[in-house]
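# Structural characterization, general
What follows is each chain in one-letter form.
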Amino acid sequence: MCGIVGYVGRREAAALVLEALKRLEYRGYDSAGLAVNSGGRLLVEKTAGKISALETRLDGRLPKGHVALAHTRWATHGVPNEINAHPHTDCGGTIAVVHNGIIENWAPLRAALVKRGHKFRSETDTEVLAHLIEEAYGPAVPLETAVAWALKRVEGTYGISVLSTREPEKIVAARHGSPLLVGLGDGEYFIASDASAVLQHTRSVVYLDDDEIAVLSPDGYRVTDLETGRIEKPVSRVDWDLSSVEKGGFRHFMLKEIMEQPESIRNALRGRLLEDEGNAKLGGLNLTDEELLSFNRVVLTACGTSWHSALIGEYMLEELARIPTEVEYASEFRYRNPIVDEHTLVIGISQSGETADTLSALREAKRRGARTIGIVNVVGSTIAREVDGGIYIHAGPEIGVASTKAFSCQVVALGLLTLHLGRLRSLSVLQGREVVRALNRLPEQALDVLARASEVEKLVSVFEGTSNALYLGRGYNFPVALEGALKLKEISYIHAEGYPAAEMKHGPIALIDDSMPVVFIAPRDAVYQKIVSNIQEVKARRGRVIAVVTEGDDQIAGLADHLITIPETIDPFTPVLSVIPLQLLAYYIAVHRGKNVDQPRNLAKSVTVE
Ligand code: G6P
């Protein structure tokens, strides 16, 4: 989704912010722009398309100046063209604004501004901000005061950064719902919507909270509230390696991240398994055993791939910890009248920790008295900071838009939580130890699966010319069917549906013919014999069956057209292994079709608007 980078300091700012902005390309966008405060003038360049198109347009003639803002836009209001790209300027062209989020009351604001003589150029909601700031920016008013005045009049979400020619050494930034951080350098300061943009220059950052304003100049920075009252903020350190946000020899981030899974699963487990006690140690939960025992219900809420891991969590928590669990799309939960109280544990799962719907669902749950925890990847993200406690999955930066290693690590984190809750409630020490053993084996087993990548690649030919595919699984592998189908459609644009294998008879079976690839996820687990029957039903209709099975499976080998094997593990952790061939399959098919695997069309890495 949209990305913001800003710089004040002594270096040439345009080249710097454009390079930094490239680190945010992975978030997904459709136009890009730049504003530089250059010798008393604001120079603004914008274009539809990629940052490279903006560079081509500039043709090496970057505007000179030490203060600049750059932005990647993911269209919400108005098509992705040059005019709608950010930065947006006021009538006089002396104020430039970049904005992530949505101004919900833009229409009445715009109408009122037009009545007062303001001239609008774009169709965006953002442009109202530039004109509102212009209204308040009288001769004796500093930019931050004008920004605060404008922000008090808008409804919706924003992360904004603003430049003005009248105060050429200043950037004013503010947040309400869309992430922003200040990067601290030596005589230079950065503003960014994502830490990866500034990693090359500094690891010291200050995360802004909602309704805070940051004022940056080469001499320093300060954070205030909307009334300009100063706020002391802690400085955080970003531990990520620069190499972890680079491709490291892989053709795509997605492939790199798929291949990193043995290591990321190991990191998710590190220091958390208590082998003798058959238990898991989760320091960040901030919940005592008594509190954990006081919950009579768990609600898992998430979006996208994280919602799929939540479904697996539901199966685990009910089976092993015997606690009633429900899964809700965060976007639905937040606008229903959900039944949660102080005996409900609400768990938000989010790779980015910034997904607007998941964040709002957790806030709603909190308002109703529930305890909230987050299963989050990005350290210091908004969800991680707002929940009562949580489990970091430690997958490392995930840059490819299609989530891969975050999914497997989320399932592992849910496994750890289930183990801990289970040991408090229903699991014996011996059962607990079995879970610990299974978790401990996962990194090596994931490596085994990855070693078979070339066999998966050969299956690309099965999808040659196809425009539909079906993914079927049961039990713990029903959510894997959903995830496999999602991976395929996200990056290859082949329509794919995931279904519970038996439910297929109530509809999708009508689609099956000899040109339809049907992917079964059928490891040897509690529902194995049931899914064998479903494979037979598909074969009886001449469907082309690809099956992910446990090593040594002869029965499905005799039925399926193509087989991919995975090592044996206990049922709840089969998804961690069975999802890997499906990630690879989607990847190879998309590459074969020449698609932009890391930045698929229309998608965003982190969806910060609802
Ligand atoms: C977007 C991404 C998905 C991700 C979903 C939820 O749609 O493209 O890959 O699963 O958001 O994101 P989150 O960061 O909350 O896990």
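Residues numbered from 1 in each chain as written. Predicted model: local features only at pLDDT ≥ 70, side-chain atom pairs only at ≥ 80, totals over all residues. Heavy atoms only, no water.

## What about the pairing of strand 7 (residues 158–164)?
Most of strand 7 sits inside the fold, with seven of its seven residues counted as buried. As paired strands, strand 6 (residues 95–100) and strand 7 are joined by six bridges and run antiparallel to one another. Of the residues in strand 7, the one forming a bridge with Val97 is Val162. Summarising the sheet, strand 7 and strand 8 (residues 171–176) pair through five bridges and their orientation is antiparallel. When the bridges of strand 8 are listed, Val162 appears paired with Val172. Between strand 7 and the antiparallel strand that follows it, strand 8, lie six residues. (Buried < 20%, exposed > 50% of the residue type's maximum accessible area, 1.4 Å probe, protein only. Helix = DSSP H or I, 4+ residues; strand = E, 2+ residues; numbered from the N terminus. Pairing = 2+ DSSP bridges.)

## Here we look at the site of the ligand
Taken together, the neighbourhood of the ligand is formed by 13 residues, with Ser306, Ser350, Gln351, Ser352 and Thr355 sitting nearest. Contacts to the ligand include Val401, whose backbone N or O atom sits 3.2 Å from an oxygen atom. In this structure, Ala604 approaches the ligand through a main-chain N or O atom, which is 2.8 Å from an oxygen atom. Protein contact buries 91% of the 390 Å² of open area that the ligand shows by itself. Using a 2 Å cut-off from the grid points, one finds that the ligand occupies the largest pocket. In terms of residue count, helix 9 (residues 304–320) provides more of the shell around the ligand than any other element does, three residues in total. For the shell around the ligand, the class distribution of residues is four nonpolar, eight polar and one charged. (Near = heavy atom within 4 Å. Polar contact = N/O pair within 3.5 Å; in protein donor to acceptor, adjacent residues only side chain to side chain. Areas by Shrake-Rupley, 256 points an atom, 1.4 Å probe, with all protein chains shown as cover. 1 Å grid on protein atoms, 1.4 Å probe; cavity = no way out; pocket = protein on both sides within 12 Å on 5 of 7 lines; lining within 4 Å. Sits in = over half its atoms within 2 Å of the grid points. Nonpolar A, V, L, I, M, F, W, Y, C, P; charged D, E, K, R; others polar.)

## Notes on the sheet that holds strand 19 (residues 325–329)
One open sheet accounts for five strands, arranged 19-18-20-21-22; its pairing is parallel. With partners counted over all chains shown, the strands left at the sheet margins are strand 19 and strand 22 (389–392), one partner each. Within this sheet the neighbouring strands show an average axis-to-axis angle of 20°, counted without direction. Pairing of strand 18 (residues 297–302) with strand 20 (residues 344–350) involves five bridges; the strand directions are parallel. In the sheet register, Arg297 faces strand 20, and the bridge partner there is Thr344. Strands strand 18, strand 20 and strand 21 (371–376) of the sheet are contacted by helix 11 (residues 356–367), whose axis makes an angle of about 165° with strand 20. Packed on one face of the sheet, helix 13 (residues 405–425) meets strand 18, strand 20, strand 21 and strand 22 and runs near 160° to strand 20. (Axes fitted to C-alpha atoms, helices over the stretch in contact; angles between N-to-C directions. Contact = heavy atoms within 4.5 Å.)

## Considering the layout of surface pockets
Considered as a void within the structure, the largest pocket measures approximately 610 Å³ in volume. What lines the largest pocket is a set of 28 residues, and nearest its centre among them are Cys303, Gly304, Thr305, Glu490 and Val607. Within the residue set of the lining of the largest pocket, elements represented by two or more residues are helix 9, strand 20, helix 11 and helix 16 (478–492). The element that contributes the greatest number of residues to the lining of the largest pocket is helix 9, accounting for five residues. For the lining of the largest pocket, the residue count by class is eleven nonpolar, twelve polar and five charged. Reported here for the second largest pocket is a volume of approximately 510 Å³. Taken together, 34 residues line the second largest pocket, and the ones lying closest to its centre are Tyr207, Trp240, Asn377, Val378 and Val379. For the lining of the second largest pocket, the secondary-structure elements that each account for two or more residues are strand 15 (236–237) and helix 12 (382–386). (Points joined across faces, edges and corners; volume = space filled by probe spheres on them.)

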